[in-house]
Amino acid sequence: MPTKAFAAQSATSPLGAHSIKRRDPLPTDVAIDILYCGVCHSDLHFARNEWGFTQYPCVPGHEILGRVTKVGDKVKKFKVGDIAAVGCLVDSCRSCTSCKNNLEQFCLNGPVFTYNGEDKHLGGITYGGYSENVVVDEAFALKVPKNLDPAAASPLLCAGITTYAPLRKWKVAKGHKVGIVGLGGLGHMGVKFAHAFGAHTVLFTTSASKFADGKRLGADEVVNSRDSYEMDKHKGSFDFILDTVSAEHDINALLSMLKFDATLCLVGAPPNPLAVSAFSLLMPQRQLAGSLIGGIAQTQEMLDFCGAHNIVCDIEKIRMQQINEAYERMLKSDVKYRFVIDMASLKNG
Ligand code: NAP
Ligand code: ZN
Ligand code: ZN
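Just so it is clear, the model here is predicted, and its values are computed rather than measured.

Draft legend 1. Layout of helix α10 (residues 296-309). In this model, α10 (14 residues) spans 20 Å end to end at C-alpha, consistent with the 20 Å of a helix rising 1.5 Å per residue. Of the positions making up α10, those classed as buried are Ile296, Thr299, Gln300, Met302, Leu303, Phe305, Cys306 and Gly307. Of the surrounding secondary structure, the elements contacted by the buried residues of α10 are β6 (89-91), α4 (159-169) and α5 (185-196). Positive phi appears at Asn310, one or two residues downstream of α10, with a value of about 55 degrees.

Printed below as a string of structure tokens:
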């Protein structure tokens, strides 16, 4: 079916109206009319080819929430009219060891990402949620707890799971001192989850204007990461740090905050390499790690946790036509704390 979308046609062109095709639902597929789509910084990195592997036209968007309009005859999880959500993955081989361990994002035969992935049905590449609808196998569609506001829940599909997964892997809990670096889409969810898991949560930010919000969102302390005097007070004291920064920054200053044998995990993906001094890791022994989104089962676990604890994202709704302006504001760290596109604007625009 022909579907209205917004796409970047090249690394330097602004996003604009475009038309894509969606497949007719197969027996295990659900077709979803998209109501809301969050705006992730990865969308911007992709649209502008900042990581060097974007294929055009590029239709970003992987924080998708909508209403089911059609189900294949073998679909069990959803019926027409249900709310369903789709994150960064739309398929994987389902038989390799990663898939069998619920780590579809590391599928050994190549996970199919929601956009810029290989479309095994129509050929070409997959197109994301800056569009009217999406068709996905029900195994990759998530249930959203009914008590959560749909618009504010949509960014949980990437910003939520990307911060939830590493905080769970490193068993963040009461008694830990945990740092979250950057108060953007990912960072504000990192603060909420670290706080919900009972950790003493410290936000590192470069924006003085976000200090009060950091506390409101759940941080016990807020540190200006550009103030070396303030940073010095926390040296060697952290059990775990989650770094969500999207651009170049001083990783050695952050590593120096860790205790012996503690870990700094990168989820932020700056396009250029970060300069890591060997001594930041050697003295005392420290770990530098990374984490990529999360598997489908853990994404459902995260959504259910959010339902049980009433956790959603702090959002600013925009129209599809405001996306280029929203990207510019995101680059200035001027977003509180996730833009979410109201997709009615694409249908009616
Ligand atoms: P975002 O909303 O733009 O937030 C990034 C934050 O980083 C900013 O709000 C800012 O926080 C801080 N920051 C920006 N530039 C900085 C600089 N030069 N120095 C220090 N701090 C800076 O972005 P996002 O959507 O949360 O995404 C963050 C990064 O994670 C992106 O690179 C994205 O591609 C990546 N990502 C990775 C995964 C994964 O699976 N690993 C998943 C999703 C996204 P303050 O104003 O508080 O300093
Ligand atoms: Zn994302
Ligand atoms: Zn696999």
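Draft legend 2. Main features of the packing of α4 against α5. α5 packs onto α4 with a crossing angle of 45 degrees between their chain directions and a minimal axis gap of 8 Å. With respect to α5, the axis of α4 lies oblique. α4 and α5 meet at a crossing whose hand is right-handed. On α5, the residues that touch Ala159, Gly160, Thr162, Thr163, Tyr164 and Leu167 of α4 are Gly185, Leu186, Met189, Gly190, Phe193 and Ala194. Per-class residue counts for the contact of α4 with α5 are 7 nonpolar, 5 polar and no charged.

Draft legend 3. Main features of the packing of aromatic side chains. All told, the structure shown has 12 aromatic pairs when counted by the stated rule. Stacked on the ring of Phe78, the Lys or Arg Lys143 has its end atom at 4.7 Å from the ring centre. In this structure, Lys177 is placed above the aromatic ring of Phe238, and the distance from its NZ or CZ to the ring centre is 4.6 Å.

Draft legend 4. How the structure looks around the environment of Ile251. By the secondary structure assignment, Ile251 is in helix α8 (residues 251-255). Ile251 sits 15 residues away from Leu266 along the chain, and the two C-alpha atoms are 9.8 Å apart. Not counting chain neighbours up to four residues away, the residues in contact with Ile251 comprise Asp243, Leu264, Leu266, Leu274, Ala275 and Val276.

Draft legend 5. Region of the structure containing the coordination of the zinc ion (ligand 3). Donor atoms from the polypeptide that bind the zinc ion (ligand 3) are Cys93 (SG), Cys96 (SG), Cys99 (SG) and Cys107 (SG), placed at 2.3 to 2.4 Å. One can describe the donor arrangement at the zinc ion (ligand 3) as tetrahedral, given that its 4 donor atoms subtend angles of 102 to 119 degrees at the metal. Of note, the donors binding the zinc ion (ligand 3) are all from one chain and are spaced C-x2-C-x2-C-x7-C. Linking Cys93 in the loop between β6 and α2 (97-100) with Cys107 in the loop between α2 and β7 (112-113), this pair joins segments that are 14 residues apart in sequence.

Draft legend 6. Representation of the coordination of the zinc ion (ligand 2) in the model. Protein ligation of the zinc ion (ligand 2) involves Cys40 (SG), His62 (NE2) and Cys158 (SG), the donor distances falling in the range 2.0 to 2.2 Å. Along the chain, the residues donating to the zinc ion (ligand 2) are arranged with the sequence spacing C-x21-H-x95-C. Here Cys158 lies in the loop between α3 (150-153) and α4 and His62 lies in the loop between α1 (41-47) and β4 (64-71), a separation of 96 residues in the sequence. Each of the two residues, His62 as well as Cys158, counts as buried.

Draft legend 7. Structural detail: the site of ligand 1. In the region of ligand 1, 32 residues are neighbours, and Thr205, Thr206, Ser207, Lys210 and Arg338 sit closest. A distance of 2.9 Å is found between an oxygen atom of ligand 1 and a backbone nitrogen or oxygen belonging to Gly185. Leu186 is positioned with one of its backbone polar atoms (N or O) 2.8 Å from an oxygen atom of ligand 1. Relative to its unbound accessible surface of 920 Å², ligand 1 loses 92% to contact with the protein. Counting only elements with at least two residues in the shell around ligand 1, the list comes to α1 and α5. Considering every element that reaches the shell around ligand 1, the biggest residue donor is α1, with 3 residues.

Analysis parameters
- Residues numbered from 1 in each chain as written.
- Chains lettered and ligands numbered in written order.
- Predicted model: local features only at pLDDT ≥ 70, side-chain atom pairs only at ≥ 80, totals over all residues.
- Heavy atoms only, no water.
- Helix = DSSP H or I, 4+ residues; strand = E, 2+ residues; numbered from the N terminus.
- Expected span 1.5 Å × (residues − 1).
- Buried < 20%, exposed > 50% of the residue type's maximum accessible area, 1.4 Å probe, protein only.
- Contact = heavy atoms within 4.5 Å.
- Axes fitted to C-alpha atoms, helices over the stretch in contact; angles between N-to-C directions.
- Parallel < 35°, antiparallel > 145°, perpendicular 65-115°, else oblique.
- Left-handed = near helix turned anticlockwise from the far one by under 90°.
- Nonpolar A, V, L, I, M, F, W, Y, C, P; charged D, E, K, R; others polar.
- Phe/Tyr/Trp six-rings, centres within 6.5 Å; stacked < 30°, edge-to-face > 60°.
- Lys NZ or Arg CZ within 6 Å of the ring centre and 35° of its normal.
- Donors = N, O, S within 2.8 Å, 3.2 Å for Na, K, Ca; no water.
- Tetrahedral: all angles 85-135°; square planar, octahedral: opposite > 155°, others 65-115°.
- Near = heavy atom within 4 Å.
- Polar contact = N/O pair within 3.5 Å; in protein donor to acceptor, adjacent residues only side chain to side chain.
- Areas by Shrake-Rupley, 256 points an atom, 1.4 Å probe, with all protein chains shown as cover.

Nothing here speaks to function; it is all geometry.
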